Amino acid sequence: MKKNKKILLLKKMRNNIIVLSAFILIVMLCTSILRNTLWDNTNQMGLTLVENYTSSEESNVRTCDAVLRICINYLEEREKEGISIEELRKGLYPFIRGLTDLYGSENIRVYGKTFNATEVLSNDPEAEIMNDYDFADTIYYQGALAAGGETYISPVYMDTTTGVPVVTMCRVVPETGSFLAIDIKPGCFELYNEDLELPRDASYYLVDSEGTLLYYKSCWNYGHDEFQVLVDNYIEDAECNNKNHVLENIAPVDNIVRNVYFHHMDNGWTGILTISKDEILSGTDTFQTISIVLVLLGIAVFVFQAFREYGNAKNNQALMEQTQIYRNAMDSTARAYKTIFYVHVQDKTVEMVYPRGEGKVMCRPYREAMNDFFGRGTVEPEYFDQLKELLDLSR
């Protein structure tokens, strides 16, 4: 191909490359925008979910605290009136029984001591015989004394009488040392989270103020101790400056990359929700596949177009070269004859195409031109009739 033809072809290829690059850039930009939008929306959803999950725990704690407050106020007033222990139990037990009926006696236990911590109060027969047990050294009683009449919530500890981990809410009458306590067992958390629905590849944890695991629900088949290690890693990496916050791309001991969502409750407990990164970005898989197919299709179209334009350029060049050969041949042939006419058969006219003299009528009626031709006497008599029959257009 000639130099200018090559330059034209290269310009077309350059323009195609620019269009293809712009197309790929737009696809990549759309993919990035979709990924970031999905990521941000999932983070917002995760924070909302963990706050909703912990709302039931906060509601349960507020309910227990309200009953505990009512009972302590009642206890304090009746102690001042000097009523008997039987009268006190008669008036107090309906409140306690309502709470145990709500959560189940197997999940919650209410007990205490009155009259200067000398008489046991509880609708649980096992607790009522604990008259000799020294509650003064327990962590929850000491915490309640330090709280100055407010409700104290203990960290998780192993109950010596039942052998199960419990959390105790306790409130003390500062003047007399009398108190009421509510033991919250693991079954209480499980009771109100039976219908808890988690996103796929997600886990929910509830921990106390010291980071000890109170309750968990997860898609992963780990044991309690393994989940405690995971929670410890999450808390260790967290900067708990806000009530709600998120940690992104956390890879703890099991090397599964997750986003971790925190909600800190007013009582010091923390709800933790984790969602795997693969699940968060799973919504982009289809779009990424389509994007890759589109990019590959664009490249294929570009390659096909490049080969097609190159082939067309080669064919055009060959056609031009062949036309030039024919033109040169026609010019040589034309120069070998005295005159060349072009006959319009349909409208029965004739046009002299060689030589084209200036000022001459180039197109004439066919019959007139033939009469003029035969009238010149240039045709040999023996070929006159044969040639005249050949050139007759009336047949």
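What counts, and at which threshold
- Residues numbered from 1 in each chain as written.
- Predicted model: local features only at pLDDT ≥ 70, side-chain atom pairs only at ≥ 80, totals over all residues.
- Heavy atoms only, no water.
- Patch = residues over 30% accessible without salt bridge, like charges linked within 9 Å, V, L, I, M, F, W, Y side chains within 5 Å.
- Areas by Shrake-Rupley, 256 points an atom, 1.4 Å probe, with all protein chains shown as cover.
- Salt bridge = Lys/Arg side-chain N within 4 Å of Asp/Glu carboxyl O.
- Lys, Arg positive; Asp, Glu negative; His and termini not counted.
- Charge placed at Lys NZ, Arg CZ, Asp CG, Glu CD.
- Buried < 20%, exposed > 50% of the residue type's maximum accessible area, 1.4 Å probe, protein only.
- Helix = DSSP H or I, 4+ residues; strand = E, 2+ residues; numbered from the N terminus.
- Expected span 1.5 Å × (residues − 1).
- Contact = heavy atoms within 4.5 Å.
- Pairing = 2+ DSSP bridges.
- Axes fitted to C-alpha atoms, helices over the stretch in contact; angles between N-to-C directions.
- 1 Å grid on protein atoms, 1.4 Å probe; cavity = no way out; pocket = protein on both sides within 12 Å on 5 of 7 lines; lining within 4 Å.
- Points joined across faces, edges and corners; volume = space filled by probe spheres on them.
- Nonpolar A, V, L, I, M, F, W, Y, C, P; charged D, E, K, R; others polar.
- pLDDT = per-residue confidence, 0-100.
- Core = buried A, V, L, I, M, F, W, Y, C linked by side-chain atoms within 4.5 Å.
- Phe/Tyr/Trp six-rings, centres within 6.5 Å; stacked < 30°, edge-to-face > 60°.

Side chains of Glu190, Glu194, Asp195 and Glu197 sit close together on the surface and give a patch of like negative charge. The class for Asp195 is exposed, based on a relative accessible area of 71%.

The end-to-end C-alpha separation of helix H6 (residues 224-237) is 20 Å, in line with the 20 Å expected for 14 residues at 1.5 Å each. If you check which residues of H6 are buried, you get Phe227, Gln228, Leu230, Val231, Asn233 and Tyr234. Where H6 is buried, its residues meet strand S7 (202-207), strand S8 (213-218), strand S9 (244-250), strand S10 (258-264) and strand S11 (270-276).

So, about the sheet that holds S10. In sheet architecture, strand pairing relies on hydrogen bonds along the backbone and comes in two forms, parallel and antiparallel. With respect to topology, five strands assemble into an open sheet ordered S8-S7-S11-S10-S9, the strand pairing being antiparallel. In this open sheet, the two strands that pair with only one neighbour each are S8 and S9. The sheet shows a mean angle of 15 degrees between the axes of neighbouring strands, taken without regard to direction. Packed onto the sheet, H6 meets S7, S8, S9, S10 and S11 and runs at close to 105 degrees relative to S8.

This part takes up the side chain of Thr349. Among the structural elements, Thr349 can be located in strand S13 (residues 349-354). Thr349 sits in the buried class, given a relative accessible area of 15%. Excluding anything up to four places from it in sequence, Thr349 contacts Tyr342, Val343, His344, Cys363, Arg364, Pro365 and Tyr366.

Once that is clear, we can look at the pattern of salt bridges. Pairs can form between side chains of opposite charge once their charged atoms are near each other. Within the structure shown, the criterion is met by six salt bridges. For Arg78, the salt bridge goes to Glu77, with nearest N and O atoms at 3.9 Å. The class for Arg78 is partly exposed, based on a relative accessible area of 22%. Judged by relative accessible area, Glu77 falls into the partly exposed class, the value being 47%. Each of Asp65, Arg69 and Arg171 takes part in one network of salt bridges that share partners.

Our focus in this paragraph is empty space enclosed by the protein. This model, assessed by the stated rule, comprises one cavity of 30 Å³ or more. If you add up the space inside the largest cavity, you get close to 40 Å³. Glu57, Asn60, Val61, Ile184, Cys188, Phe189 and Trp269 together form the lining of the largest cavity. Those elements giving two or more residues to the lining of the largest cavity turn out to be helix H1 (3-81) and helix H5 (186-191). It is H1 that provides the largest number of residues to the lining of the largest cavity, a total of three residues. Looking at the lining of the largest cavity, its residues break down into five nonpolar, one polar and one charged.

On to the confidence of the model for the protein chain, then. Of all residues in the protein chain, 83% attain a pLDDT of 70 or more, and the chain-wide mean is 79. Mean pLDDT across the elements of the protein chain ranges from a minimum in helix H3 (residues 125-128), with 67, to a maximum in strand S3 (residues 152-153), with 92.

To continue, consider the pairing of S8. The pairing of S7 with S8 spans five bridges and is antiparallel. Across the sheet, residue Ser203 finds its bridge partner in S8, namely Ser218. Linking S7 back to S8 in an antiparallel pair, the connection comprises five residues, with Gly211 at a positive phi of about 85 degrees.

Attention now goes to the pairing of S11. Put simply, side chains in a regular strand alternate between the two faces of the sheet. Most of S11 is tucked away: seven of the seven residues are buried. Here S11 shows a buried face lined by Thr270, Ile272, Thr274 and Ser276 and a second buried face lined by Gly271, Leu273 and Ile275. Bridge analysis of S7 against S11 gives six bridges, and the strand direction is antiparallel. Residue Tyr205 lies in a different strand from S11, and its bridge partner there is Ile272. The pairing of S10 with S11 spans seven bridges and is antiparallel. Bridged to Arg258 within S11 is Ser276.

Attention now goes to the nonpolar core. Of all hydrophobic cores here, the largest spans 46 residues; its most connected members are Leu99, Met169, Ile182, Tyr204, Leu206, Trp269 and Leu273. The element contributing the most residues to this core is H1, with 13 residues. Setting aside residues up to four positions removed in sequence, Trp269 forms contacts with Val61, Ile153, Val167, Phe189, Leu206, Val207, Asp208, Ser209, Leu214, His263 and His264.

On inspection of all chains with the given rule, the structure shows 13 aromatic pairs. Ring centres of Tyr216 and Phe227 lie 4.6 Å apart, and the angle between their planes is 35 degrees; this geometry places the pair in the tilted category. With a gap of eleven residues between them, Tyr216 in strand S8 and Phe227 in helix H6 connect regions that are remote in the sequence. The partly exposed category is assigned to Tyr216, whose relative accessible area is 30%.

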